[in-house]
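Summary of structural features
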Amino acid sequence: MEQEYDDWIQAGQIAAKVREEARAWVRENALIRETADKVEARILELGGKIAFPAQFSSDNVAAHYCPDAQDETRFARNIVKMDIGVHVSGAVADTAVTIDLTKEHSSLVKASEEALKAASELVRPGATPAQIGRAIHEVITSYGFSPIKNLSGHGLGRYEVHTSPSIPNYDTGDDNPLKKGQTIAIEPFATNGLGMIKQSSNATVFMLTNPKPVRDITSRKILEKIKGYEGLPFASRWLAGFGAQRVRLSLSQFVKLGIIEQYPPLVEQGNGLVSQTEHTFIVDEPAIITTRL
Ligand code: MN
Ligand code: MN
């Protein structure tokens, strides 16, 4: 194995191990916040770092649900997308699975799993986002569901969780070939709704994009702490030590000043149920799926 792949593979293997262990932690009545804490602690225990906060989006929420420190929500009979990010020296692994606590939507889950499988078989130098998107679209519609068109896979860089190219869930006509050594995440989303998401309110996931000086002393301390996250996404929950009210105030101030970007929960526009499956790949011949155990 080429040495420059080592960090990516190590991050992927940690993410895969945590993902498989954590499946059992997602069960009815478990506190989502505690489950997120457990996942993040386990990443560190295995020698990885957290590339982005663990997220557990239920039912019609496709992504970006991340409990804050006050969140007492428990898993119920939900369709839960568990999304995990690990990095090793900045090399990111991004992986997600859907856990169906309703036990009534196995075909919706299977649609995104099989779409990812079909896409996986296409990954190689020269393959195009259009081809991958077409394969995902075909599999998901063959199950009678729709892919979510305004969510997509993406490139991954060192200390970068979203970079080019975009890997769509339908044929966008993007014929730019993938290149050997590129790292990408592919993440088919299937829904029985409209196949489009919209942003909701109350973001709990943020990322430092444009640090600027701030005046008041607490905001300054919070910003110092945020700088420690190395430009990667973070959870408001991680700042709970400063006091919930205070953190909310500072974060909304930082958003207004353009210091941080916010990532609110993404809700299916037709309120459809959503499944998601995601792996990280190194484009090569054969492709390496870093997040497969
Ligand atoms: Mn993900
Ligand atoms: Mn992703």
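Predicted model only: the values in this text are computed from it and were never measured.

Evaluated as defined, the whole model comprises four aromatic pairs. Look at Phe56 and Phe75: their rings are 5.8 Å apart centre to centre, the planes differ by 65°, and that puts the pair in the edge-to-face class. Here the residue Phe56 occupies a position in strand β1 (residues 49-58), and Phe75 occupies one in the loop between β2 (61-63) and β3 (79-88), the gap between them amounting to 19 residues. Neither residue differs from the other here; Phe56 and Phe75 are each classed as buried. In this structure, Lys149 packs its charged tip against the face of Tyr170, placed 4.9 Å from the ring centre.

If you trace the three strands from one edge of the open sheet to the other, you get β2-β14-β10, paired in antiparallel fashion. Edge positions in the sheet fall to β2 and β10 (197-199), since each has one partner strand and no second. The sheet shows a mean angle of 40° between the axes of neighbouring strands, taken without regard to direction. Sheet analysis places β10 next to strand β14 (residues 266-268), joined by three bridges and oriented antiparallel. By the bridge assignment for β14, Lys198 is matched with Val267.

This next bit is on the nonpolar core. The biggest cluster of nonpolar side chains holds 25 residues, and the ones touching the most others in it are Val26, Val39, Phe56, Phe75 and Met82. Going through the elements one at a time, α1 (6-22), α2 (32-45), β1, β3 and β4 (91-100) are the ones with two or more residues in this core. Not counting the four nearest positions on each side in its chain, Val26 is found in contact with Thr35, Phe56, Phe75, Val80, Met82, Ile99 and Leu101. Within the second largest apolar cluster, 22 residues are counted, among which are Ala127, Ile140, Ile167 and Ile186.

With ten of ten residues buried, β3 is to be regarded as a mostly interior element. Judged by which residues are buried, β3 turns out to be covered on both faces: Ile79, Lys81, Asp83, Gly85 and His87 on one side and Val80, Met82, Ile84, Val86 and Val88 on the other are all buried. The sheet contact formed by β1 and β3 spans seven bridges and is antiparallel. What sits directly across from Phe52, in β3, is Gly85. In the sheet, β3 pairs with β4 via ten bridges, with the strands oriented antiparallel. Pairing of Ile84 across the sheet is with Thr95, part of β4. Between the end of β3 and the start of β4, which pair antiparallel, lie two residues, with Ser89 showing a positive phi angle near 50°.

What follows covers unusual backbone geometry. In this structure, the amide linkage connecting Ser164 to the following residue, Pro165, adopts the cis form with an omega of 0°. Turning to its location among the elements, Pro165 is positioned in strand β7 (residues 160-167). Residue Pro286 is bonded to the preceding Glu285 through a cis peptide linkage, with omega at 0°. Within the element layout of this structure, Pro286 appears in the loop between β16 (279-282) and β17 (288-289). Non-glycine residue Asn202 carries a positive phi angle of around 60°. If you trace the backbone, Asn202 turns up in the loop between β10 and β11 (205-208). The exposed category is assigned to Asn202, whose relative accessible area is 66%.

A separate point is the side chain of Arg19. If you trace the backbone, Arg19 turns up in helix α1. Within polar-contact distance, the side chain of Arg19 engages the backbone oxygen of Thr291 at 2.8 Å. Non-local contacts of Arg19, meaning those with residues more than four positions away in its chain, are made with Met82, Ile84, Thr95, Val97, His279 and Thr291.

Another point: the pairing of β4. Of all ten residues in β4, ten are buried; the element is thus mostly enclosed. Side chains Ala91, Ala93, Thr95, Val97 and Ile99 of β4 all project onto a buried face; the interleaved residues Val92, Asp94, Ala96, Thr98 and Asp100 project onto the opposite face, where all are buried too.

With that settled, the discussion passes to the coordination of the manganese ion (ligand 1). Taken together, Asp83 (OD), Asp83 (OD), Asp94 (OD) and Glu278 (OE) make up the protein donors of the manganese ion (ligand 1), found 2.1 to 2.4 Å from the metal. The manganese ion (ligand 2) is placed at 3.2 Å from the manganese ion (ligand 1), the two being bridged by Asp94. Highlighted residues: Asp83 in strand β3 and Glu278 in the loop between β15 (274-276) and β16, separated in sequence by 195 residues. Comparing Asp83 with Glu278 shows no difference in burial state: the two are buried.

What counts as what
- Residues numbered from 1 in each chain as written.
- Chains lettered and ligands numbered in written order.
- Predicted model: local features only at pLDDT ≥ 70, side-chain atom pairs only at ≥ 80, totals over all residues.
- Heavy atoms only, no water.
- Phe/Tyr/Trp six-rings, centres within 6.5 Å; stacked < 30°, edge-to-face > 60°.
- Helix = DSSP H or I, 4+ residues; strand = E, 2+ residues; numbered from the N terminus.
- Buried < 20%, exposed > 50% of the residue type's maximum accessible area, 1.4 Å probe, protein only.
- Lys NZ or Arg CZ within 6 Å of the ring centre and 35° of its normal.
- Pairing = 2+ DSSP bridges.
- Axes fitted to C-alpha atoms, helices over the stretch in contact; angles between N-to-C directions.
- Core = buried A, V, L, I, M, F, W, Y, C linked by side-chain atoms within 4.5 Å.
- Contact = heavy atoms within 4.5 Å.
- Polar contact = N/O pair within 3.5 Å; in protein donor to acceptor, adjacent residues only side chain to side chain.
- Donors = N, O, S within 2.8 Å, 3.2 Å for Na, K, Ca; no water.

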